[in-house]
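Results of the structural survey
Chain by chain, the residues run as shown.
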Amino acid sequence: MCLNHTTQLSLFDCYVGGVVNYASEIWGTQKGQNVENLHLDFCKQLLGVKRTTCSSAVYTELGRYPLSTYRMYNIIKYWKYVLDSDNCIIVACYKMLYDNCEILGHKNWVYFVKKYLSELGFFENWDRQIINKSSLLCIKQRIFDNVTQSLYADIENSKKC
């Protein structure tokens, strides 16, 4: 039985993506290069291209994004969950992380939330420690727009493409 690309990518997302990105809202601040390599290898094999093929071209051809894109969004979405939480343990842990987001060069999860929001142009949300559903949707759109722009720029500047 031969499955089309869309079905194979959906199966990857459901079965492999769910496992390799499990709890990524916490660990996703790390690069996760092995996870990205697994995803890219699958996409390149699906297209039948060499491993040295321009990754941005592969993502664009399949209408995909690096998995780190989804992890960044999951981190921001989880931050919203934490801010909205009335669980005293979650609130206390967040306050501790917030107060110590960069001690002696060590950068914790909260540091990366602040960094991502600043890079995306949503520092006001960080500064006010407030995020609503419409802001979250705007942040999601900005994340994917930035990555799309970066992919196209990589293709434009690539000597291989």
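This write-up is about the structure you can find in this document. Since this is a predicted model, take the numbers as computed values, not measurements.

1. Considering the overall build of the protein
When helices and strands are counted, the protein shows nine helices and two strands. Listing every helix and strand of the protein by position from the N terminus yields α-α-α-α-α-α-β-β-α-α-α. In terms of principal-axis extent, the alpha carbons of the protein reach across some 50 × 35 × 35 Å. Considering only contacts within the protein whose residues lie at least 6 apart along the sequence, 62% involve residues at least 24 apart. As displayed, the protein offers around 10,300 Å² of accessible surface, 56% of which is attributable to carbon and sulfur atoms. For the protein, the distance from the average position of its 18 positive side-chain charges to the average position of its 15 negative side-chain charges is 4 Å.

2. Some remarks on the side chain of Ser56
Within the element layout of this structure, Ser56 appears in helix α4 (residues 55–62). Judged by relative accessible area, which is 6%, Ser56 ranks as buried. Engagement of the side chain of Ser56 in a polar contact is seen with the side chain of Asp154, the distance being 3.0 Å.

3. Details of α4
Along an α-helix, residues three or four positions apart point the same way, because every turn accommodates 3.6 residues. Every buried residue of α4 is listed here: Ser56, Val58, Tyr59 and Leu62. Angularly, the buried residues of α4 cover 160 degrees about the axis, an arc narrow enough to put them on a single face. Tucked inside the fold, the buried residues of α4 contact α1 (5–20), α3 (33–47) and α9 (133–157). Backbone geometry just after α4 places Gly63 at a positive phi near 70 degrees.

4. A look at the pattern of salt bridges
Within the structure shown, the criterion is met by seven salt bridges. The closest approach of N and O atoms between Lys80 and Asp84, which form a salt bridge, is 2.5 Å. Of the two residues, Lys80 and Asp84 both sit in helix α5 (residues 67–84), four residues apart, roughly one turn of that helix. One salt bridge connects Lys95 with Asp99, and the closest N-O pair in it is separated by 2.9 Å. Taken together, the residues Lys95 and Asp99, both in helix α6 (residues 88–99) and four residues apart, mark about one turn of the helix. Residue Lys95 is classed as partly exposed on the basis of its relative accessible area of 49%.

5. Some words on the environment of Gly18
Mapped onto the secondary structure, Gly18 falls in helix α1. As a C-alpha pair, Gly18 and Cys54 span 36 residues in sequence and 25 Å in three-dimensional space.

Cut-offs applied
Residues numbered from 1 in each chain as written. Predicted model: local features only at pLDDT ≥ 70, side-chain atom pairs only at ≥ 80, totals over all residues. Heavy atoms only, no water. Helix = DSSP H or I, 4+ residues; strand = E, 2+ residues; numbered from the N terminus. Contact = heavy atoms within 4.5 Å. Areas by Shrake-Rupley, 256 points an atom, 1.4 Å probe, with all protein chains shown as cover. Lys, Arg positive; Asp, Glu negative; His and termini not counted. Charge placed at Lys NZ, Arg CZ, Asp CG, Glu CD. Buried < 20%, exposed > 50% of the residue type's maximum accessible area, 1.4 Å probe, protein only. Polar contact = N/O pair within 3.5 Å; in protein donor to acceptor, adjacent residues only side chain to side chain. Arc of directions from axis to C-beta. Salt bridge = Lys/Arg side-chain N within 4 Å of Asp/Glu carboxyl O.

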